[in-house]
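So you can see what is in the structure, the chains are spelled out below.
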Amino acid sequence: MELADDTNATPVVKTKGIGEYISSHLRQYGLLFALIAVMAFFEVVTDGTLLRAVNITNLLLQNSYIIIMALGMLIVIVSGNIDLSVGSVMGFIGALAAVMIVNYDQSPYLTMIVCLAIGGLIGAAQGYWVAYWKIPSFIVTLAGMLVFRGLSLWLLEGQSVGPFPKEFQIIATGFVPDLFPAGIGAALADLFGARKVNVLALATGIAAAALVVWIGLRQRAQNKAYGIEDEPTSFFVVRNVIIAAALIFVMFKLSLFRGLPNVLITMGILTIIYAFITETTTVGRRIYALGGNQKAAKLSGIKTERLTFLAFTNMGVLAAAAGLVFAARLNTATPKAGFALELDVIAAVFIGGASMSGGVGTIIGAVVGAFLMGVLNNGMSIMGIGIDYQQMIKGLVLLAAVIFDVYNKNKQG
Amino acid sequence: MALLSMQNISKTFPGVKALDRVNLDVQKGEIHAVVGENGAGKSTLMKVLSGVYPHGQYDGEIVFEGEPARFSGISDSEKQGIIIIHQELALVPQLSIAENIFLGNECARKGVIDWRKTNQRTEELLAKVGLSEPPTTKVDSIGVGKQQLVEIAKALSKDVKLLILDEPTAALQENDSRKLLDLMLELKAQGVTSIIISHKLNEVRYVADSVTVIRDGMTVSKLDAKAGLSEDEIVRDMVGRDMTHRFPEHSRTPGDVLMEVADWSVWHPEHSERRVIKNASFNVRAGEVVGIAGLMGSGRTELAMSIFGRSYGRNITGSVKLKGQPIDVSTVDRAISAGISYVTEDRKALGLVLDETIRFNTTLANLDGVSSGPILKRNEETRVAERYREALAIRTPSVFQKTVNLSGGNQQKVVLAKWLFTAPEVLILDEPTRGIDVGAKYEIYTIINDLAAQGKGVVMISSEMPELLGMCDRIYVMNEGALVGELAAGDASQERIMSLIVNE
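Residues numbered from 1 in each chain as written. Chains lettered and ligands numbered in written order. Predicted model: local features only at pLDDT ≥ 70, side-chain atom pairs only at ≥ 80, totals over all residues. Heavy atoms only, no water.

Condition: UniProt positions are given in the numbering used here, feature names are shortened, and annotations may be inferred rather than shown by experiment.
The name an unreviewed UniProt entry gives chain B is Xylose ABC transporter, ATP-binding protein, with Roseibium aggregatum as the organism. Its UniProt record gives chain B the following Subcellular location (unreviewed entry) comment, quoted word for word: "Cell membrane". Annotation of chain B in UniProt includes, under Sequence similarities (unreviewed entry), the sentence "Belongs to the ABC transporter superfamily."

Per an unreviewed UniProt entry, chain A is named Xylose transport system permease protein XylH, and its organism is Roseibium aggregatum. What UniProt records for chain A under Function (unreviewed entry) is the sentence "Part of the binding-protein-dependent transport system for D-xylose. Probably responsible for the translocation of the substrate across the membrane." In the Subcellular location (unreviewed entry) part of its UniProt record, chain A is described as follows: "Cell membrane".

**Structural notes on the overall build of chain B**
Put simply, the test is: Secondary structure counts use DSSP, requiring at least four H or I residues in a row for a helix and at least two E residues in a row for a strand, with both numbered from the N terminus. Any two residues having at least one pair of non-hydrogen atoms within 4.5 Å are treated as being in contact. Computed by Shrake-Rupley with a 1.4 Å probe, the accessible areas treat only the displayed protein chains as cover when residues are assessed. Counted as positive: Lys and Arg. Counted as negative: Asp and Glu, with His and the chain ends omitted from the count. By convention, charge coordinates are those of NZ in Lys, CZ in Arg, CG in Asp, or CD in Glu.
For chain B, the helix and strand inventory stands at 17 helices and 24 strands. Restricting to contacts in chain B with at least 6 residues of sequence separation, those with at least 24 account for 67%. When the accessible surface of chain B is summed, it comes to about 20,700 Å², and 46% of that surface belongs to carbon and sulfur atoms. Across chain B, 58 positive and 68 negative side-chain charges occur, with their mean positions spaced 3 Å apart.

**Let's talk about the domain arrangement of chain B**
All names here are of chain B. To be explicit about the condition: An automatic or database domain assignment supplies the residue ranges for each domain. Buried area: the sum, over both parts, of the accessible surface (1.4 Å probe) that disappears when the two are put together. A carboxyl oxygen of Asp or Glu within 4 Å of a side-chain nitrogen of Lys or Arg is what we treat as a salt bridge. Three residue categories are used. Nonpolar comprises Ala, Val, Leu, Ile, Met, Phe, Trp, Tyr, Cys and Pro, charged comprises Asp, Glu, Lys and Arg, and polar comprises the others, including Gly.
In terms of domain boundaries, chain B breaks down into domain 1 (2-239), domain 2 (245-339 + 424-504) and domain 3 (357-422). The centre of domain 2, based on its C-alpha atoms, is set 25 Å off from the matching centre of domain 3. Taken together, the contact between domain 2 and domain 3 spans 13 residues of the former and eleven residues of the latter. With both sides pooled, the region where domain 2 packs onto domain 3 buries about 1,100 Å², and carbon together with sulfur makes up 75% of that total. Remark: the boundary between domain 2 and domain 3 carries two salt bridges. The partner of Lys-413 in a salt bridge is Glu-443, with the nearest N and O atoms 2.6 Å apart. Looking at the side of domain 2 that touches domain 3 residue by residue, the class counts come to eleven nonpolar, no polar and two charged.

**A look at the domain arrangement of chain A**
All names here are of chain A. One can read the domain layout of chain A as domain 1 (25-174 + 262-412) and domain 2 (176-260). Of note, the centres of domain 1 and domain 2, computed from C-alpha atoms alone, are 26 Å apart. At the interface, 14 residues of domain 1 touch 14 residues of domain 2. Summing both partners gives a buried area of about 1,200 Å² for domain 1 against domain 2, and 80% of it is carried by carbon and sulfur. For domain 1, the biggest contributors to the area lost against domain 2 are Tyr-29, Ala-53 and Ile-56; these three give 33% of the whole.

**Notes on the interface of chain A and chain B**
Listed as interface residues are 39 residues of chain A and, on the opposing side, 59 residues of chain B. Summing both sides of the interface, chain A and chain B together bury roughly 4,000 Å²; the carbon and sulfur share of this comes to 55%. Put simply, chain A and chain B have three salt bridges between them. One salt bridge in this structure joins B:Asp368 and A:Arg286, with 4.0 Å as the shortest N-O distance. Of all elements in the fold, only helix 1 (3-7), helix 10 (199-225), helix 12 (262-280), helix 13 (282-292) and helix 14 (294-299) of chain A reach the threshold of two or more residues within the side of chain A that touches chain B. With six residues, the top contributor of residues to the side of chain A that touches chain B is helix 13 of chain A.

**Re the nonpolar core**
Test applied: We call a set of buried residues a nonpolar core when its members are Ala, Val, Leu, Ile, Met, Phe, Trp, Tyr or Cys and they connect through side-chain atoms within 4.5 Å of each other. Under the scheme applied here, a residue whose accessible area is under 20% of the maximum for its type counts as buried, over 50% as exposed, and between as partly exposed, the area being computed with a 1.4 Å probe on protein chains only.
Counting residues in hydrophobic clusters, the biggest one holds 106 residues, and the most contacted among them are A:Met69 and A:Phe168. Per-domain counts for this core show at least three residues from each of domain 1 (25-174 + 262-412) and domain 2 (176-260) of chain A. In contact with A:Phe168, other than residues within four places in its own chain, are A:Ala97, A:Ile101, A:Pro108, A:Met112, A:Leu324, A:Ala327 and A:Ala328. Counting residues in hydrophobic clusters, the runner-up holds 83 residues, among them A:Leu299, B:Val266, B:Val320 and B:Leu350.

**Describing the sheet that holds strand 13 (residues 257-267) of chain B**
Residues and elements named next belong to chain B. The following threshold applies: Strand pairing follows a simple DSSP-based rule, namely that at least 2 bridges must link the two strands. Whenever a helix is involved, its axis is fitted only over the stretch in contact; in every case the axis is a line through C-alpha atoms, and angles between N-to-C directions fall within 0 to 180 degrees.
With antiparallel pairing, the four strands of this open sheet are ordered in space as 14-13-16-17. Every interior strand has two partners, whereas the edge strands, strand 14 (275-285) and strand 17 (325-326), have only one. Where strand 13 meets strand 16 (residues 314-322), six bridges bridge the pair, whose relative direction is antiparallel. Looking at the pairing, Ser-265 lines up with Thr-317 of strand 16. Along the sheet face, helix 9 (residues 300-307) touches strand 13, strand 14 and strand 16 and points at about 70 degrees away from the line of strand 14.

**Things to note about the UniProt feature "domain: ABC transporter" (unreviewed entry) in chain B**
This chain's UniProt record puts "domain: ABC transporter" (unreviewed entry) on residues 4-241 and 259-501 of chain B. Between the C-alpha atoms that bound residues 259-501 of chain B the distance is 25 Å, and the span itself is 35% helix and 28% strand.

**Side note on the pattern of salt bridges**
Pairing of side chains with opposite charge becomes possible as their charged atoms draw close. Residues and elements named next belong to chain A. Summed over all chains, the structure comprises 25 salt bridges over all chains. Lys-134 serves as the salt-bridge partner of Glu-305, at 3.1 Å between the closest nitrogen and oxygen. Pair noted here: Glu-305 is in helix 15 (residues 304-330) and Lys-134 is in the loop between helix 6 (108-132) and helix 7 (137-156), with a separation of 171 residues, a long-range link. With its nearest N and O atoms 3.8 Å apart, the salt bridge here joins Lys-394 to Asp-344. You can see Lys-394 sitting in helix 18 (residues 387-412) and its partner Asp-344 sitting in helix 16 (residues 341-351), a full 50 residues away along the chain.

**Comments concerning the sheet that holds strand 15 (residues 289-293) of chain B**
All names here are of chain B. Here six strands make up an open sheet; going across it, the order is 18-21-22-15-23-24 and the pairing mixed. A single partner strand is all that each edge strand has here, and the edge strands are strand 18 (340-343) and strand 24 (482-488). The sheet shows a mean angle of 20 degrees between the axes of neighbouring strands, direction not considered. As paired strands, strand 15 and strand 23 (residues 474-479) are joined by four bridges and run parallel to one another. Bridge pairing in strand 23 links Ala-293 to Val-477.

**Quick word on the packing of aromatic side chains**
We apply this condition: Ring pairs shown here join Phe, Tyr and Trp side chains whose ring centres sit within 6.5 Å, with only the six-membered ring taken for Trp; geometry is labelled stacked below 30 degrees between planes, edge-to-face above 60, and tilted in between. Only lysine NZ and arginine CZ atoms are considered, and such an atom sits over a ring when it is within 6 Å of the ring centre and within 35 degrees of the ring normal.
One pass over the structure, following the stated rule, counts 13 aromatic pairs over all chains. Ring geometry for A:Tyr128 versus A:Trp129: centroids 5.0 Å apart, planes at 75 degrees, classification edge-to-face. Judged by relative accessible area, which is 36%, A:Tyr128 ranks as partly exposed. A relative accessible area of 37% means that A:Trp129 is categorised as partly exposed. When the centroid spacing of 5.9 Å and the interplanar angle of 40 degrees are considered together, the rings of B:Phe308 and B:Tyr342 count as tilted. Within this pair, whereas B:Phe308 is found in the loop between helix 9 and strand 16, its partner B:Tyr342 is found in strand 18, the two being separated by 34 residues in sequence. Exposure class is identical for B:Phe308 and B:Tyr342. Each is buried. Joined through ring pairs, the aromatic side chains of A:Tyr128, A:Trp129, A:Tyr132, A:Trp133 and A:Phe309 make up one cluster. Here the guanidinium or amino end of A:Arg220 rests over the ring plane of A:Phe236, the centre of that ring lying 4.8 Å away. Across from the ring centre of A:Phe339, 4.5 Å away, lies the NZ or CZ of A:Lys336, which sits over that ring.

**A look at a positive patch on the surface**
Counted only if it meets this: Think of a patch as exposed residues, more than 30% relative accessible area, with no salt bridge, where like charges cluster within 9 Å and nonpolar side chains (Val, Leu, Ile, Met, Phe, Trp, Tyr) cluster within 5 Å.
Together, B:Arg109, B:Lys110, B:Lys117 and B:Arg121 make up a region of like positive charge exposed at the surface. Relative to the helices and strands, B:Arg109 resides in strand 7 (residues 108-109).

**Some details on the environment of B:Thr44**
All names here are of chain B. In this fold, Thr-44 is placed in helix 1 (residues 42-49). Since its relative accessible area comes to 0%, Thr-44 is described here as buried. C-alpha of Thr-44 to C-alpha of Ala-18: the two residues are 26 residues apart in sequence and 7.3 Å apart in space.

**Points about the pairing of strand 24 of chain B**
Residue and element names in this part refer to chain B. Pairing between strand 23 and strand 24: six bridges, direction antiparallel. Paired with Asn-479 across the two strands is Ala-482, which belongs to strand 24. Hairpin remark: strand 23 followed by strand 24, antiparallel, with two residues in the connecting loop; positive phi at Glu-480, about 45 degrees.

Pasting the structure below:
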């Protein structure tokens, strides 16, 4: 008999005070408030540079490939594994794209398809050993990390290869053209006293904010119908106002610059798809079960090997996508590309609340975790803090986030 | 003279009063049993006593050897001679017996271990608990029963004054349990005072000098066992109601043969020359409860798991028929869709995803039943979970409670709910009432009877013979991987089952 049994001796009182609610949901709010606090801090110390339109655009572009890989990494980590090879795979795919396009004059579109497929194959090859041979993923992907680092060097013959043609570059550096009539933009520009306004970006921001609020309200109504303990109304309102305002604010800023980056669209769509997969599909559910208790999952008829295999295959595809974005952004493939990037990706996922032992973590958490790291990087760079301090601070932030998790869990224990 | 007196101990967790002015007095040289249902607060009380919850985190007073005791941690209480042996053994399986016994307390000079002395002292200690294994034997190569004895030897190495055993026989076979209890009596003769926490009332009667019954975090009664105790009396105090019948009434008229397993043989997954199951053949009829009796290690779980999607063993041969038709049970999901369910004996390790909710676990084996295509219908899931919560009387504030927070009995009900939701024809229940309290057992039995009444076939594996005798229409007896006998309910008795095992 354990403590947990005793806790159930008398029914838990259901109506909780606000204080207690905060302490039991500290993690979700903590991450959001940490992001806000960090942004506010850098906004002040950089004299407003952080939230300038051009910098917000940069921030998104700089972190796009981390976020794309964090989506796959979240799934791998929830399934109870880890993938150390993603940085190398990303670099290798970038190199492959460069060699195909620049050296062999292949069409960029064909190249992208081939690269994504090869990424999938790489993931599948690693997943095969992890899933069906039960070789620890740490070792398989550590090997993969070395192999693909070597392969990029070999492919590029130690040189940088570039530049890419325009139609390849736009996947990372392009912007969605404003679909609305120029008149509206001009009118809004007058209204805000700005030089120009990209109406599409602004409209997307408002639509996204409305969507978030609508989903929140729907969820809340359902929770009420089933008598699930819900967050206090004041919290719900404040949280949604903050998120909606932030979305509109960011999009407004983007609309003042060059509008919606293509990469943001890719990132946004992928995030929504993966959030949906993990939260509301049978596959997603099974991955959480696999990570939470592999043996119980297997005895419940879940094909645990195939799921593990698929998680790695998916990771490979996303690492390839990130590789394409990264190469396109730098406009060149270098042997150093993606070096140690896997650590940033893994850190983002853990900062986002995932558990090393599997079964716990969310897509939104991983994305916010990646942004938190991104803002730290960006803010410190603007401040002119050296790479030495940056590394130390990032390391400490990761440690603090995980300590916070453990502390929280113990307190609830 | 009282060795230990815990007075008015109260302990509160957020929202729950786990202990409410509990009193416990243990006399020197006695064996004192603490009994109560799961969740009654026994373990919390022991955690207070052993310093897991240090002084200041609880209210009340502990007096040990006449002195007020205020332990700041478990090492503090150990120094005073209070040693607790937990239900889950705390041995390191890869280390030897000697290494385990002196772990953290090594016979060493300046950090260099004196192996001669270590092994010599280990031998002495092992002799005291009736073990003759060499001290260098790896712990994972001896059985659970002997591991339990090693734990006790370890406690003896520390100059124990008060030995606390938390459910010491939960994982043990009848004869190992008996050995352990006899050892307790022997230690008592040598002057060691012990506290035993147990569900098994016959054991309590066998060893205890006095009994404290705890219910809902309160001391309900103190009984003197020397004058003789009746189990009914204890049970009444534990559950707060009379339990004249330990098994619910049932009258069954089994129908046609539902599942038939023929010539089932299984080889060991690692030692390919070892045949674990030897040509086992058995059947279960519709509306029938069939028991499989046998000692631990006789191959009952292996038989069940190998049938359920080849979850155990290799080179499996034999056939499984359902309603006369051969069925494919080569993977777990095929076995499930053929209509077979297996409820594991180890609900924490193999049955539940503990960190997930009741809802999550209830639908896990039949996600297709709550989804359209690949997309989960979460409202439907909630409805399903609520339905089973009501039907099986799972006691929880909501189906969104994590299963780790439930008591053993309620966890078991969640596992049952998971398998009932797959709508099986045949349920194989492996130790369905292990480690759960009397009240919850009765409820599980009622569920089993309902299933039989609905025409399902139930195969029930159990180490508790009274349970098999009280519940089953027929009992197969298993020994060393073979089914060695079959008894109709009317002909079966504990003696006949044992003699079938022994005479093989």
